[in-house]
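In case you want the letters, here they are:
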Amino acid sequence: MTLLDDAPILGGGRTPIPCTFVIFGAAGDLAKRKLLPALYRVWQQKHLHRDTAIVGVARRDWDDNAFREEVAAALEEFVGPGTTKQPEWETFSRRLFFAGFDMTDQDGYKALHDRLPEMSASEDAPRRTVFYLSIPPEVFQLVLGQLDESGLTDSTTDACGKWPRIVVEKPFGRDLESSIELNKLLVGSFSEEQIYRIDHYLGKESVQNMLVFRFGNTIYESIWNRRYIDHMQITVAEDLGVGTRAGTYEQMGALRDIVQNHLIQLLATVAMEPPSAFDSRHVRNEKIKVMESIRKINEEDVAEYFVRAQYTAGKIKGTDVPAYRDEDRIAPNSVTETFVAGKFFIDTWRWSGVPFYIRTGKRLPKRITQIDIVFKEPPMLLFGRRSPHANVLTMRIQPDEGISLSFAAKTPGISLDLATVQMDFLYSQAFRQDIGDAYETLLLDVIQGDSMLFARADMHNAAWEVLVPVIRAWEDTLAPLYRYPSGTWGPEAASDLLRQDGREWRPL
Ligand code: BG6
């Protein structure tokens, strides 16, 4: 695939805004692996204002210098060795500060409030605060209350929008009721335009490209419907196990961890109607319409539509790995699912009768996220034989981000034989530049006040609503919990889900 037009079509020039970025949970995994590396990279690319202050909050006995050392170690590990030898580290590290206190300690919040002006190199920055809550859901209410008490949530509006802003990480509730409760809490202290519910999948370059692919071109939209599309398959596969997140994962399982957010967001993006404007209100309005049109099934019918399973011991890339139940800090009789396969229908004029199959799991053979759009077969067998599912459009979200289209072609020779061939667009070949991490895009969007790539409250509720019968059926054990050996594509029941419809999962 050749790059024909190297000028960006969508303008992206943004002026950096001075602000103070406060990370609650700064000693945690997410901060080290994702948030601080992303902030460093956007600093390097000069997308962060030079007066930005980055403040870590955690229950640690660190001062600013100790925090800088911690961040240096994280960047060496997660950005790459030698990062802290770069000249940008020198300037970045001077913008790092630390506030060590327990989240129950009101004096800690007050001290933070009083110290903000001193940390910020610009007069505007202390008022333009972003609070990033990377904290367990149990302490959420407590932290919000303390922020309020200490005056940290007092709002102000300037040319760059309303401040402070709050970024909320997953899990966003455990079910519909708790999601509604959480929203009530948030809107008690912040208005919707100040709240950013993060789903990092939406910041992925290849997910954003789905909108450009569909609505920046004319040729696909006319076939993007039930007349031409047989079904879609959305896969979010990981080869990793539960890792260090045992405690949180045990409470969530794959349905809450991936399906409720990343998978349903991908589904909404691939199925939405064209928005009448490319802005956060119109794009999100179209997505929510999809979520609200997903067919609700009865609790008793869940086993026909959804399969849950848990990994047993097996091999990943030749290495033995333990069963989920034998992982560190996992209950030996745990019934948490690490795999979900399911079938959704979207009851709209465009999608009536088209199944959307989804699957996600840990300890599958490889890490891959992709959407396969499988087109119908030609109406007649003109060449005497069929090339089953000759037309598949694959959107590869990760790794090897790109898009492929397969079609039938005549094989060379005197007889008329058909083969399926493929046309590929690969980001890495076409653009020859690194694809940044989703968090880089999303953190800058928060600072710029652009909420298009964030979930709105009604989206979370709609996604939970779809899953209510599944959650209930699984709690009431109306559906079996299957097992699958690590390193396989899930239980046989997941294949049966498609087989009963005369279809099969695409090979990955
Ligand atoms: C997170 C989930 O949201 O996404 C994790 O909580 C999962 O369980 C991760 O591993 C996968 O993200 P990515 O970007 O690596 O696909």
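Structure's up top.
Source: prediction; values computed, not measured.

Further remarks concern the packing of aromatic side chains. If you walk through the whole model with that rule in mind, you get 24 aromatic pairs. On the numbers, 5.1 Å between centres and 90° between planes, the contact of Tyr196 with Phe454 is edge-to-face. Here Tyr196, found in strand 8 (residues 195–197), pairs with Phe454, found in the loop between helix 12 (438–448) and helix 13 (457–475); they are 258 residues apart in sequence, far enough to count as distant. Accessibility expressed as a relative area gives 1% for Tyr196, which makes it buried. Chaining the aromatic ring pairs together yields one cluster made of Tyr249, Tyr311, Tyr324, Phe339 and Tyr484. Across from the ring centre of Phe97, 5.6 Å away, lies the NZ or CZ of Arg68, which sits over that ring. We note Arg363 situated over the ring of Tyr311; from NZ or CZ to the ring centre the distance is 5.9 Å.

Below, the discussion takes up the packing of helix 9 (residues 280–293) against helix 13. Interaxial distance between helix 9 and helix 13 falls to 9 Å at its minimum, and their mutual angle equals 15°. By the angle between their axes, helix 9 is roughly parallel relative to helix 13. The two elements helix 9 and helix 13 meet at a crossing, and its hand is left-handed. When helix 9 is examined against helix 13, the residues Arg284, Lys287, Ile288, Met291 and Glu292 are found in contact with a partner set consisting of Asp458, Met459, Ala462 and Val466. Residues that form the contact of helix 9 with helix 13 fall into these classes: five nonpolar, no polar and four charged.

Turning to the nonpolar core, a few remarks are in order. If you look at the biggest cluster of nonpolar residues, it comprises 124 residues, and the most contacted ones within it are Ile23, Phe92, Phe344, Phe356 and Ile373. With 13 residues, helix 8 (residues 246–271) is the largest single contributor of residues to this core. Setting aside its immediate chain neighbours within four residues, Ile23 contacts Ala31, Leu35, Leu36, Leu39, Ile54, Val55, Gly56, Val57 and Tyr132. Formed by 28 residues, the second largest nonpolar core is a distinct cluster that contains Val57, Phe140, Phe172 and Phe190.

The rules behind these values
Residues numbered from 1 in each chain as written. Predicted model: local features only at pLDDT ≥ 70, side-chain atom pairs only at ≥ 80, totals over all residues. Heavy atoms only, no water. Phe/Tyr/Trp six-rings, centres within 6.5 Å; stacked < 30°, edge-to-face > 60°. Helix = DSSP H or I, 4+ residues; strand = E, 2+ residues; numbered from the N terminus. Buried < 20%, exposed > 50% of the residue type's maximum accessible area, 1.4 Å probe, protein only. Lys NZ or Arg CZ within 6 Å of the ring centre and 35° of its normal. Axes fitted to C-alpha atoms, helices over the stretch in contact; angles between N-to-C directions. Parallel < 35°, antiparallel > 145°, perpendicular 65-115°, else oblique. Left-handed = near helix turned anticlockwise from the far one by under 90°. Contact = heavy atoms within 4.5 Å. Nonpolar A, V, L, I, M, F, W, Y, C, P; charged D, E, K, R; others polar. Core = buried A, V, L, I, M, F, W, Y, C linked by side-chain atoms within 4.5 Å.

Everything listed here is a matter of geometry and, on its own, says nothing about what the molecule does.
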